Amino acid sequence: MKKAVLAFLIICACLSVGCGKQSDMVRKDPEISQPQIEETDPSEPTSRDLFAMDTFMTLTAYGENALQALDAAEDEILRLDELLSTGKEESEIFRLNQDGEGTLSEESAYLYERSLEVNELTDGAFDPMIYPLMQAWGFTTHEYAVPAPEELAGLLELVDLSAVSYSDKDHHISFEKNKMEIDFGGIAKGYTSARVVSILKEQGINHAVISLGGNVQVLGTKPDGSLWKVAIRDPENVSGFIGVVQVSDKAVITSGGYERYFEENGKVYHHILDPKTGYPAETGLLSVTIVSEDGTLADGLSTALYVMGLELAETLWRENRDLFEAVFVTDSGKLYITEGLEKEFLTDRYPVNVIR
Amino acid sequence: MLSDDQMKKNDLFKPRRSDLILIAILAAAAALLAVLFAFGKGHEQGTYAEVVLNGQSYGIYDLKEDQTIRIETDLGYNLIEIQNGSVSMKEADCPDQYCVSKGAVSSSADPIVCLPHRLVIQILPDKTEPVSFDAVSE
């Protein structure tokens, strides 16, 4: 019995010194010997749901430190939401858009440089300067309207990266045209999921799956060593799926017109705008899913490849097949996957066309 | 007179305050586990949906019992329908109607979300069934 008491006290002591912040709390009230840190069963999932970045997020982690790791992940999401939001008046991006110039923080500079990279890779199909167009269509406020052609023509002038001067030395950025506005929304969630995964990793988590409003990223494998199964939404039937892709350490990010759209005079207008025309991209694709280790890239590419259409997307993949894999659904109901997913993509729905 | 050794022996059999505390803690833990086990077991036997409103659990509903659940908050109203073992958002006065157009769901990895009303309908995982997927990319 004595030994049992001793063992119990030792466990309590170990638990209470495990984490700096928590042990401070213990010290304030030495009478309470209850462990302050909740250790979670590493074989059971620990989940966290939250609303942020105008979407619903679910984070699931496995490991003894899962609770603290999810706390840290949630803090990071809320921090990035504040930093990157175009709508919040205190955000860096909001101020930059108001002033037309400014000095980017290290993190915003990274996002700007990644945006440029995806812009160049996709020949302008991804454009961080598209924000004035998104506003005109009401996709930022949910107050939808089809803009007049003259209005769009005027706004297209503002979607112009060549009129942005940026120094990668001091991170100073300025817009040469009045009313130009930047938005990292096209890669912000992918960047956030990448950050969340690296924070979970730092906290000692080896197995996790996160979904930031349908932008999925997984850390490691499932706890039993098998691959994570990520279902891909069927763009034609939003309660169904086109198949399941099995992955470890990957982001799986899908863009489709079905995600956000409105109807006016019997015509459906979706939220994926072509930066070259100002109108919703109509290229015969209903959805594009990108599978990549790089969440930021996957987010940008899913939008860009949707805008480019299947043929250009295929070419882009052939030239960059080490960077990503993709799944495409066309408006004629056809399903295409890139070669690297041949073994990992499971479906019973369509004949599967493999892009090689 | 008892020797030092005998004294220690006697001490061992005398219940101490710390022993009683340990027994109390163990008993409490056992009771808690029993409750958790019974609760968890009940959920494994069927499928249940949890309605979560602004991060707080609003209620857990048995999918075997056909019913409608009407929820009104400052943000608006939602009408949830449970029918033939599945759950769907039958009506909502949110502008986008995505929650309604989603139809019925049956996987714990695929919640129905009414974002403007901060309302989530989540199927509780059935541990007796293998999962067909862990997340949905959309």
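Structure: above.
What comes next is a walk through the structure. Being a predicted model, the structure only gives us computed values, none of them experimental.

### Focus on the pairing of strand S12 (residues 267-270) of chain A
In this sheet, S12(A) lies alongside strand S11 (residues 261-264) of chain A in antiparallel orientation, the contact comprising four bridges. From the neighbouring strand, Phe262(A) faces S12(A), where its bridge partner is Tyr269(A).

### Examining unusual backbone geometry
Notably, His171(A) is not glycine yet its phi reads approximately 65°, a positive angle. Inspection of the secondary structure assignment puts His171(A) in the loop between strand S4 (164-166) and strand S5 (172-175). Unlike most non-glycine residues, Arg118(B) shows phi in positive territory, near 55°. Locating Arg118(B) in the fold gives a position in the loop between strand S6 (112-114) and strand S7 (119-123). For Arg118(B), a count of 17 C-beta atoms within 10 Å translates into the label partly exposed.

### Quick notes on the sheet that holds S5(A)
All names here are of chain A. Pairing is antiparallel in the open sheet, where three strands are placed in the order S3-S5-S4. Since the sheet does not close on itself, it has two edges, and those belong to strand S3 (101-103) and S4, each with one partner. Across this sheet, the average inter-strand angle for adjacent strands is 10°, counted without regard to direction. As paired elements, S4 and S5 share three bridges and run antiparallel to each other. Bridging across to S5, Tyr 166 finds its partner in Ile 173.

### Remarks on the interface of chain B and chain A
In this assembly, 24 residues from chain B lie in contact with 28 residues from chain A. Breaking the side of chain B that touches chain A down by element, the ones donating at least two residues are helix H2 (17-45) and strand S8 (135-137) of chain B. Of the residues assigned to the side of chain B that touches chain A, the class counts are 12 nonpolar, six polar and six charged. Bridge count between strand S8 (residues 228-234) of chain A and S8(B): three bridges; the pairing is parallel. By the bridge assignment, Val230(A) is partnered in S8(B) with Ala135(B).

Definitions and limits used
- Residues numbered from 1 in each chain as written.
- Chains lettered and ligands numbered in written order.
- Predicted model: local features only at pLDDT ≥ 70, side-chain atom pairs only at ≥ 80, totals over all residues.
- Pairing = 2+ DSSP bridges.
- Helix = DSSP H or I, 4+ residues; strand = E, 2+ residues; numbered from the N terminus.
- Buried ≥ 20, exposed ≤ 12 C-beta atoms within 10 Å, placed from the backbone.
- Axes fitted to C-alpha atoms, helices over the stretch in contact; angles between N-to-C directions.
- Contact = placed C-beta atoms within 7 Å.
- Nonpolar A, V, L, I, M, F, W, Y, C, P; charged D, E, K, R; others polar.

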